[in-house]
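Analysis of the macromolecular model
Here is how the chains run, residue by residue.
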Amino acid sequence: CLPANQERFANGKLVTVQFHPSAQVVMTAGHDRSVSLFQVDGIRNPRIQSIYLESFPIYKACFSVDGEQVIATGTHHRMFFVYDMMSGSIIPIEKVRGVEERFLRSFEVSPDGSCMLLTGTSGYLHLLSMKTKELISTMKVNGRCTASAFTPDSSKIYSYSKEGEVFIWDVRSRKCLHKFEDEGSLEGKCIAVSKNNQYVACGSSSGVVNLYTTDVCLKENRPKPVKAIMNLVTSATCVTFNPTTEILAVASRETDEAVKLV
């Protein structure tokens, strides 16, 4: 296949590449302060449009579940941007009332499209309404939170701490239902829940990815992984399941071509 973004390569590092939830469109975003959309036809992959965010190197960008918005956070900013694709407008969210953070980087959008979870510093997790971008509630883990994932039905959140503990939250009550230790984890890096809610994958700084069944995660404090994937030698920075839960992709951004499909 041709490069998806061949009509406009980025000038800086790409941090996000994501397919649109319903259209044949791919988005790229990165340190060159731009978000670009390409029509994927496999022949030319024509560029649809690019938006430029003045002095705002992008840390992460993500489509909303309905595919009508793109949310983008910066590398060193407390504000974030919402790009409304229907109206073509770029809306800056200067400050979320009740969220006192020096900068906002990591976030997740719930699969049902109702919430957005911002990862703060010192273990704080801020749950926002996707519709109004206002704060619903704040939760806190022990230590520092490095990664979070919603369950497919959006009812729970798995939060992975730097210390290697995983906290399971109930979205409706915002109470911690359970927490467990990720076996052998020195520092938590990334987490993913499979689409059929059967598995949880935890990737750590040592490059080991532990695969657990969700029912064990909800009951035991020190669950045994079904499988430990040892193929990466540098820190595992990304884990994701394919939609049918048959393949798990694990990757490290610390070396070139460090991607494994399990």
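The rules behind the values
Residues numbered from 1 in each chain as written. Predicted model: local features only at pLDDT ≥ 70, side-chain atom pairs only at ≥ 80, totals over all residues. Heavy atoms only, no water. Helix = DSSP H or I, 4+ residues; strand = E, 2+ residues; numbered from the N terminus. Rg over C-alpha atoms; globule rule 2.2 N^0.38 Å. Buried < 20%, exposed > 50% of the residue type's maximum accessible area, 1.4 Å probe, protein only. Contact = heavy atoms within 4.5 Å. Areas by Shrake-Rupley, 256 points an atom, 1.4 Å probe, with all protein chains shown as cover. Pairing = 2+ DSSP bridges. Axes fitted to C-alpha atoms, helices over the stretch in contact; angles between N-to-C directions. Phe/Tyr/Trp six-rings, centres within 6.5 Å; stacked < 30°, edge-to-face > 60°. Lys NZ or Arg CZ within 6 Å of the ring centre and 35° of its normal. Core = buried A, V, L, I, M, F, W, Y, C linked by side-chain atoms within 4.5 Å.

To continue, consider the overall build of the protein. Broken down by element type, the protein carries one helix and 23 strands. Over its C-alpha trace the protein gives a radius of gyration of 18 Å, about what one expects of a compact globule, namely 18 Å for 262 residues. Projecting the C-alpha coordinates of the protein onto the three principal axes gives extents of approximately 50 × 45 × 30 Å. Counting all 262 residues of the protein, 48% fall into the buried class. Of all intrachain contacts in the protein linking residues separated by at least 6 positions in sequence, the fraction that spans at least 24 positions is 39%. Surface accessibility of the protein: about 13,200 Å² in total, with carbon and sulfur atoms responsible for 50%.

Moving on, we get to the sheet that holds strand β12 (residues 135-140). Pairing in this open sheet of four strands is antiparallel, and the strands run β9-β10-β11-β12 from one edge to the other. In this open sheet, the two strands that pair with only one neighbour each are β9 (107-109) and β12. Ignoring which end each strand starts from, the neighbouring axes of this sheet average 20 degrees apart. Bridging between strand β10 (residues 115-119) and strand β11 (residues 124-129) involves five bridges; their strand directions are antiparallel. Along β11, the bridge assignment pairs leucine 118 with histidine 126.

This paragraph deals with the pairing of strand β6 (residues 69-74). With six of six residues buried, β6 is to be regarded as a mostly interior element. Neither face of β6 is open: one carries Gln69, Ile71 and Thr73, the other Val70, Ala72 and Gly74, and all of them are buried. Where strand β5 (residues 58-63) meets β6, five bridges bridge the pair, whose relative direction is antiparallel. Bridging across to β6, phenylalanine 63 finds its partner in valine 70. With antiparallel pairing between neighbouring strands as the criterion, β5 and β6 make up a hairpin whose turn holds five residues, including glycine 67 at a positive phi of roughly 80 degrees.

A few words now on the packing of aromatic side chains. For the structure shown, the criterion picks out three aromatic pairs. Taking the centre distance of 6.4 Å and the plane angle of 20 degrees together, the rings of phenylalanine 167 and tryptophan 169 count as stacked. When sorted by exposure, phenylalanine 167 lands in the same class as tryptophan 169, which is buried. Each ring, one from phenylalanine 180 and one from tyrosine 212, has its centre 5.5 Å from the other, and the planes form 65 degrees; the classification is edge-to-face. Of this pair, phenylalanine 180 sits in strand β16 (residues 176-181) while tyrosine 212 sits in strand β19 (residues 209-213), and the two are 32 residues apart along the sequence. Seen from the ring of phenylalanine 107, lysine 60 lies directly overhead, with NZ or CZ sitting 4.9 Å from the centre. Across from the ring centre of tyrosine 124, 5.4 Å away, lies the NZ or CZ of lysine 140, which sits over that ring.

Once that is clear, we can look at the sheet that holds β6. With antiparallel pairing, four strands are arranged side by side in an open sheet as β5-β6-β7-β8. The open sheet has two edge strands with one neighbour each: β5 and β8 (89-93). When strand polarity is set aside, the average angle formed by the axes of neighbouring strands in this sheet is 20 degrees.

Once that is clear, we can look at the nonpolar core. In this structure, Met27, Val35, Leu37, Leu53, Ile58, Ala61 and Val70 are the most contacted members of the largest nonpolar core, which totals 17 residues. Of all elements in the fold, only β2 (25-30), β3 (34-39), β5, β6 and β7 (80-84) reach the threshold of two or more residues within this core. Contact partners of leucine 37, with chain neighbours within four places excluded, come to Val25, Val26, Met27, Arg47, Ile48, Gln49, Phe63, Tyr83 and Met85. Counting residues in hydrophobic clusters, the runner-up holds 14 residues, among them Ile93, Val96, Val99 and Leu128.

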